[in-house]
Amino acid sequence: MKLALVGIGKIALDQHVPAIAASPDWELAATVSRHGTVEGVPAYTQIEEMLSAHPEIKVVSLCLP
């Protein structure tokens, strides 16, 4: 299932992204963050823009400090 992460910081990069990549059930399809990105994944700074560009994403996870 495709998902988006909101808030790409150290914890997201160190823990969430590798866990998603290792799972056959999830695909990181987009990110939303003012500063962080994940290589090879479409990145947005506004959640509304991401949702508009990727209506197929059904799960959005917040990675907040």
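Before reading on, note that the structure itself is shown above.
My aim in this report is to walk through the structure given alongside it, one point at a time.

Analysis parameters
- Starting afresh in each chain, residues are numbered from 1 along the sequence in its written order.
- Only residues with pLDDT of 70 or above have their local features reported here, since the model is predicted, and side-chain atom pairs are shown and tallied only from 80 upward, although totals for entire chains, interfaces and linings are computed over all residues.
- Hydrogen atoms and water are omitted, and side-chain values are computed over all heavy atoms in the structure.
- Helix and strand assignments come from DSSP, with helices taken as H or I runs of at least 4 residues and strands as E runs of at least 2, each series counted from the N terminus.
- Among buried residues, the Ala, Val, Leu, Ile, Met, Phe, Trp, Tyr and Cys ones that are joined through side-chain atoms within 4.5 Å form a nonpolar core.
- To sort residues, take the accessible area from a 1.4 Å probe on protein chains only and compare it with the maximum for the residue type: under 20% means buried, over 50% means exposed, and anything in between is partly exposed.
- We call two residues in contact whenever any of their non-hydrogen atoms come within 4.5 Å of each other.
- Pairing between strands is defined by DSSP: at least two bridges between the two strands are required.
- Under this scheme, a helix contributes an axis fitted over its contacting stretch, all axes are lines through C-alpha atoms, and angles between N-to-C directions fall in the 0 to 180 degree range.

### Notes on the environment of E48
Working step 1: Relative to the assigned elements, E48 resides in helix α2 (residues 47–53).
Working step 2: Here the alpha-carbon distance between E48 and L28, two residues 20 residues apart in the chain, equals 17 Å.

### Here we look at the nonpolar core
Working step 1: With ten residues, the main nonpolar core is built from L3, L5, I8, A12, V17, I20, L28, V38, V41 and C63.
Working step 2: Mapped by element, the contributors of at least two residues to this core are β1 (2–6) and α1 (10–22).
Working step 3: Counting residues per element, this core draws most heavily on α1, at three residues.
Working step 4: Setting aside residues up to four positions removed in sequence, L3 forms contacts with I20, W26, E27, L28, A29, A30, I57 and V59.

### Some points on the sheet that holds strand β3 (residues 43–44)
Working step 1: The sheet built from four strands is open, its strands ordered β3-β2-β1-β4 with parallel pairing. Sheet topology places β3 and β4 (59–62) at the edges, where each strand pairs with a single neighbour.
Working step 2: Strand direction decides the pairing type here: β1 and strand β2 (residues 27–32), joined by five bridges, are parallel. Residue pairing in the sheet places L3 in a bridge with L28 of β2.
Working step 3: Docked against the sheet, α1 engages β1 and β2, running at close to 175° with respect to β1.

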